[in-house]
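Structure assessment
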Amino acid sequence: MKRETELNNATAKAKGQVAAAIENAGVPEPDTRLALYRSMLACRMMEQRAYDLFMQNLIKGTSHLALGQEAIAAAFGEAMRKDDYTFCTYRGHNHTLVRGASMTGILGELMGRDCGLLRGKGGSMHLMSVEHGAMGSYAIVGAHMPIAAGAAWSAQYRDSGQVAVCFFGDGTTNIGAFHEALNFSAVWSLPVVYVCENNLYMEYTPIGEVTAVENPGADRAPAYGLESILIDGNDVDIVYAAASAALDKARSGAGPSLVEVQTYRHGGHSRADPGKYRPDEEVAAWMERDPIPNYRQRLLDAGIDEATLDTIETEQAARVDKAEETARNSAPPPLEIAQTDLWADGSSTWRN
Amino acid sequence: MKRETELNNATAKAKGQVAAAIENAGVPEPDTRLALYRSMLACRMMEQRAYDLFMQNLIKGTSHLALGQEAIAAAFGEAMRKDDYTFCTYRGHNHTLVRGASMTGILGELMGRDCGLLRGKGGSMHLMSVEHGAMGSYAIVGAHMPIAAGAAWSAQYRDSGQVAVCFFGDGTTNIGAFHEALNFSAVWSLPVVYVCENNLYMEYTPIGEVTAVENPGADRAPAYGLESILIDGNDVDIVYAAASAALDKARSGAGPSLVEVQTYRHGGHSRADPGKYRPDEEVAAWMERDPIPNYRQRLLDAGIDEATLDTIETEQAARVDKAEETARNSAPPPLEIAQTDLWADGSSTWRN
Amino acid sequence: MAQLSYREAVAAGIAQEMRRDETVVFLGEDVAAPGGVFKTTEGLQAEFGPMRVRDTPIAEQAILGAAMGAAMTGLKPIAEIMFSDFFAVCWDLVANQMAKTRFMSNGQCSFPLVIRSANGGGVRFGAQHSQSVENWAMAVPGIKVVAPSCAADVKGLLAAAIRDPDPVLFFEQKSLYGSKDEVPEGEHVEPLGKAKILREGDDVTIVALAAMVPRAMKAAATLASDHGVTATVIDLRSLVPLDVSAIFDSVSKTGRLVTVEENPRLCGWGAEVSSLVAEELFWDLDSPIVRVTTPHIPLPAADALEDSVLPSPEKIVQNVLKLAD
Amino acid sequence: MAQLSYREAVAAGIAQEMRRDETVVFLGEDVAAPGGVFKTTEGLQAEFGPMRVRDTPIAEQAILGAAMGAAMTGLKPIAEIMFSDFFAVCWDLVANQMAKTRFMSNGQCSFPLVIRSANGGGVRFGAQHSQSVENWAMAVPGIKVVAPSCAADVKGLLAAAIRDPDPVLFFEQKSLYGSKDEVPEGEHVEPLGKAKILREGDDVTIVALAAMVPRAMKAAATLASDHGVTATVIDLRSLVPLDVSAIFDSVSKTGRLVTVEENPRLCGWGAEVSSLVAEELFWDLDSPIVRVTTPHIPLPAADALEDSVLPSPEKIVQNVLKLAD
Ligand SMILES: Cc1ncc(C[n+]2csc(CCOP(=O)(O)OP(=O)(O)O)c2C)c(N)n1
Ligand SMILES: Cc1ncc(C[n+]2csc(CCOP(=O)(O)OP(=O)(O)O)c2C)c(N)n1
Ligand SMILES: [Mg+2]
Ligand SMILES: [Mg+2]
């Protein structure tokens, strides 16, 4: 039953509407490409800084970086409409940032400061910025998939033209909520795009050891009447094309998509994990495929000025410095807020 | 993505080991065929009697009959080894009977009598006879699927050659536990056979309205690296061939199967349901395909003596009469047992 | 006023709210075209159409996830979980997601949704279809918990739950579906978090919920007529918010408290009420606090067995009399 | 005796039992080759091989279903649910299946299995990875519930749980994983359902569990040194079975009871203990029963916020002093 992996191949396995659109997509406009580059860089630099802050013990608890996976968040961020919804996981710093959430708010939240997006009440795994359509980061594997379906249902019912995009990992395809969400979304023909970021590992275990098919998203899409889509997640142009096609499809009323995006995380699963279970050659091969330097080269090859790219880099570096500084200077949250906003009336009162 | 239904067609959709074995299976031996006929009749007559007992208000609560679906239980019952395990649902009277559980015990349980298999503590939805390998009837949709995987794991670990067989309905393929059990069983290569009895309805809703693929078992098997198998569940010979093939495969160490068996229930979903949502023609067409009279005719055509069949019918009728009478005469259970056997020490004590 | 059954009051409450608010939508298994397995939602799809009243696959996580996602993006969904025992297959959406997300986000969004479910025993459905699980919900911060005992409250509290901006678990006690009483015909909304005093007496306060309320009332009648003991009977109606004042006001007069719960013994709402009184009203107590509950066992299916373990009016009477000694 | 951490004691307990009984097997996510995300099960796969110590997909229902099916057919499985919050995605297998099937079958089969899980807060993991859910389990008849407070008990009680013929939920408090103490080196088995008296005093009985035990001990030390109040401190160790006699024996001497729970306020084990005492030992009480708990909220992530809501030794001291007034 196993099909061959077609890594580095932008075409879908089964040719459907989305696959065809990906194939026919030209390269994005230069402005879009610069925006994609800028967005990937912002993600990368922010998370590298987050890593430094752990090392200085300024970030407590756990944290999950997506270093190496930035092309996916960046491409979807660019392709989405402002009022679309995103749902992501504990590995969701980038997916939140690309929607327009404040970088200071993100770093502040990781540091448990009052300037944090959630004033420290959520933490690294729960970033959320509703005003930007970033509808939350969920830390129970799979749970956000049916929630994304609900936001899509709401858009469908209100006829708002909004689409919900839901990011999750390869390991998530083995839990029940994945299955329920996919079937439900297909049956109700909901405007939702499920993005399986296959980074080859479920925490410390290779995905192949715990999954009955080779491509956990693409090989399972047909079980929901959906087309198989498998793309290179380290090529931001391709992800952008796929995102645009799947968003268009959803917006046109043609229902959900499940897009499998192959990628790799540069570090371990979480703060506690050095990632030693991965063969050195595997890591090295994927470092070669780092989406950011490769894209820089591609832009240069396409005739974009090196100075333009340099400026972007300098600007983003400055942005991260600024965000870090503000967050560092922010106080811890006032203790009262630990007992507010459980209920819509702002309180946490359960008795009279 | 939808494939055409191939009803009345015994061959699997994708040709794998099990499908090939089904195709190559000849008709069962005459003795086996008589046993299959006897077993179907026993199921039919017992459940018809259960229906009468409801009408007389001698069975309280709810109850779910499998009238029309008897070929499946009968075929698996014949094909299984004595020490194999079955796991079934609330619609599991027949699956329990065919393993050798007492008919008196089943009717007694439905009636809440002391002679019941569980002395009235379980009820109609929870029949169980561990000494016969009937490892329980489970009333939460999907829950028993991973439990069956566990029994298969135990058989694999103990190297006992036992197989676990798990029966469930079409509607069950949309819940998370289905997905988790299938992937888990495939990855661990467990000796388990999952039998999806597609009777076209999830309670009162046609399965097509809530399921993204046409054949909820066969179209989803590939998502677990399994072959697609879709057979006519009203032809007991075919189900017997499929059961034998899937059991052999599991016993040989080649892992799980998911067999979709198409069938129909003659009545409503449960006691409370007259089944009015079903088009008259649909019901009529399926009554034509009643597995029992058709099989009787096939046996006659194959040269089996009418008297032999008559004897079987008389014997089974007498068996049901006897079972009913014993159950009717059985007292209600003693009240003390409501508080025993929560724990293995026989008590339900939680404090000193 | 009209005589409605508890069952009919469900559809009446939903219809009342769907008529006044376009954003109220309803989903569940076999709820739309079939009208629900308990026939509680008949006629809703006919009146409100297939986009507002929708059948789902057997996928309780999807149902509750959909309700949650819709609630945070502008709708007011009502979801049905057919039997409350099935909360166990979708508890994550309740306990970890909808209960916590508003708090974690520091109030960035709200979850105006209701989950209705048939709760409790007494109908011989066996251990997996008979549980009283309101205590599961009460233990989770962020969930409101309502459990009416009569048709009028079904309509009025369901309406209030639908209007409430927070997630509400609404437990319909399935042994009460057939019971009838007077229900206001026009708009009817009861406040959440207010207990109802059904009967006043001087000797003891009996606090009950849902199906235990009529049993407590029967017990109170017997106590008065046969034993000269007069009881105040409080129908809690909602566990979160909890009307602690109503309980305290009464116990401070009677000096005696008996709670009557259908759920198994350990960690039920009765324990919470008892411990609240033992902490804050200790000096007003004239005798031990007694909890009447089902023993700590699953419910057996056979009628004789099931009846023997659920709290009966007789058991309530016996327990009250123990105190009067 | 050896100095072991609470974390190391987990593997020690499992290894002790796997050595003596071939039918003990172990499964979970990232538990085998990787040794567990909390490094509690390092070395087990190396010693017992890949058939006895096995990694699973992210599929908690499959994990617990597998454990249950294996338990009813001759094995003694140990399953890991990585964080106890994840019980919400597989609660059906616990609450509806393994807890009830023996009872429903009238004793036809047993379920000798253990589910280990990292429970509780204090490590800044946020609301979905910090809950204390032992009260969820206590509310379900058919489940035994154990929660050790020190490394020696981790080893001894885990061994007992594995030998026990019933399903046991074994809660390892994650904030204790780094703590160390003396653990017997040879075979070590502690009985289930026996509380431990850690300190004796005359003025008040403090009952605590898991991570609250060291805090209660600190509080007791301060009470003695700074306030001249002597406290008996009881480590419950197991909620089901519950050592009611140990509590009653002490309260009947001290006349005062304070419970200390990490879980949110409503319907915790403290409410159960309080209501037991209020019912059966009422006349021995000299003052109200006080429960110290986390407020009824999810746990916030930021360190300052989290510390401010968990019961601290100072809060325990204040609450005890209230009684002494
Ligand atoms: C229900 C549940 N089970 C287990 C976990 C623990 N856990 C957190 S992340 C993770 C791995 C997820 O892998 P994948 O879906 O591939 O996402 P990735 O971390 O690679 O982005 C696991 C097992 C969890 N958070 N929720
Ligand atoms: C988790 C859960 N959800 C819902 C139900 C209620 N329910 C009982 S049977 C059933 C339909 C099952 O349909 P199917 O799987 O096709 O089996 P069939 O009844 O047709 O044999 C439903 C929805 C349940 N028992 N458990
Ligand atoms: Mg991954
Ligand atoms: Mg069906």
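Structure report, in brief. (Residues numbered from 1 in each chain as written. Chains lettered and ligands numbered in written order. Predicted model: local features only at pLDDT ≥ 70, side-chain atom pairs only at ≥ 80, totals over all residues. Heavy atoms only, no water.)

**Concerning the interface of chain B and chain A**
The partner chain A presents 25 residues to the 24 residues of chain B that form the contact. For the pairing of chain B and chain A, the buried interface totals around 1800 Å² over both sides, and the portion due to carbon and sulfur atoms is 61%. Linking chain B to chain A there are zero salt bridges. Applying the counting rule to chain B against chain A returns 14 residue pairs in polar contact (both at pLDDT 80 or more). Of the residues assigned to the side of chain B that touches chain A, the class counts are 12 nonpolar, seven polar and five charged. (Contact = heavy atoms within 4.5 Å. Buried area = accessible area lost by both parts, 1.4 Å probe. Salt bridge = Lys/Arg side-chain N within 4 Å of Asp/Glu carboxyl O. Polar contact = N/O pair within 3.5 Å; in protein donor to acceptor, adjacent residues only side chain to side chain. Nonpolar A, V, L, I, M, F, W, Y, C, P; charged D, E, K, R; others polar.)

**Notes on the site of ligand 2**
If you check the shell around ligand 2, you find 21 residues, and the closest are Y90, R91, G171 and T172 of chain B together with E60 of chain C. Mapping the residues adjacent to ligand 2 onto the chains of the assembly identifies chains B and C. In this structure, N199 of chain B approaches ligand 2 through a side-chain N or O atom, which is 2.9 Å from an oxygen atom. Within the complex, 97% of the 570 Å² of free accessible area of ligand 2 lies under protein. Grouping the amino acids of the shell around ligand 2 by side-chain chemistry returns 10 nonpolar, six polar and five charged. (Near = heavy atom within 4 Å. Areas by Shrake-Rupley, 256 points an atom, 1.4 Å probe, with all protein chains shown as cover.)

**What to know about the sheet that holds strand 12 (residues 238–240) of chain C**
All names here are of chain C. One open sheet accounts for seven strands, arranged 3-2-4-5-7-6-12; its pairing is mixed. Each edge of the sheet is formed by a strand with only one pairing partner; in this case those strands are strand 3 (53–55) and strand 12. Geometrically, the sheet is characterised by an average inter-axis angle of 20° between neighbouring strands, direction not taken into account. Here helix 3 (residues 60–71) sits on the sheet and contacts strand 2 (24–28), strand 4 (76–83) and strand 5 (114–119); the angle it forms with strand 4, its principal contact strand, is near 165°. (Pairing = 2+ DSSP bridges. Helix = DSSP H or I, 4+ residues; strand = E, 2+ residues; numbered from the N terminus. Axes fitted to C-alpha atoms, helices over the stretch in contact; angles between N-to-C directions.)

**Let's talk about the coordination of the magnesium ion (ligand 4)**
Residues and elements named next belong to chain B. Summarising the metal site, the magnesium ion (ligand 4) is bound by the protein donors D170 (OD), N199 (OD1) and Y201 (O), whose distances to it range over 2.1 to 2.3 Å. All donors to the magnesium ion (ligand 4) come from one chain, and their sequence spacing reads D-x28-N-x1-Y. The same class applies to N199 and to Y201, which are both buried. (Donors = N, O, S within 2.8 Å, 3.2 Å for Na, K, Ca; no water. Buried < 20%, exposed > 50% of the residue type's maximum accessible area, 1.4 Å probe, protein only.)

**Some details on the coordination of the magnesium ion (ligand 3)**
Bound to the magnesium ion (ligand 3) are the protein donor atoms D170 of chain A (OD), N199 of chain A (OD1) and Y201 of chain A (O), situated 2.1 to 2.3 Å from the metal. Every donor residue of the magnesium ion (ligand 3) comes from the same chain, spaced as D-x28-N-x1-Y.

**Focus: the pattern of salt bridges**
Per the counting criterion, the structure on display carries 74 salt bridges over all chains. For E70 of chain B, the salt bridge goes to R44 of chain B, with nearest N and O atoms at 2.5 Å. Here E70 of chain B, found in helix 3 (residues 70–79), pairs with R44 of chain B, found in helix 2 (residues 30–55); they are 26 residues apart in sequence, far enough to count as distant. By the burial criterion, E70 of chain B is buried, and R44 of chain B matches it. Among the ionic contacts, a cluster of salt bridges with common partners joins E261, R265 and R291 of chain C together with E272 and E279 of chain D.

**Things to note about the relation of the copies chain D and chain C**
It takes a turn of 180° to lay chain D on chain C, together with a shift of 0.0 Å along the axis; the resulting RMSD is 0.0 Å. Read as a symmetry element, the transformation amounts to a two-fold axis. Most of the interface of chain D is mirrored in chain C: 100% of its interface residues are interface residues there too. (Least-squares fit on C-alpha atoms with pLDDT ≥ 70 in both.)

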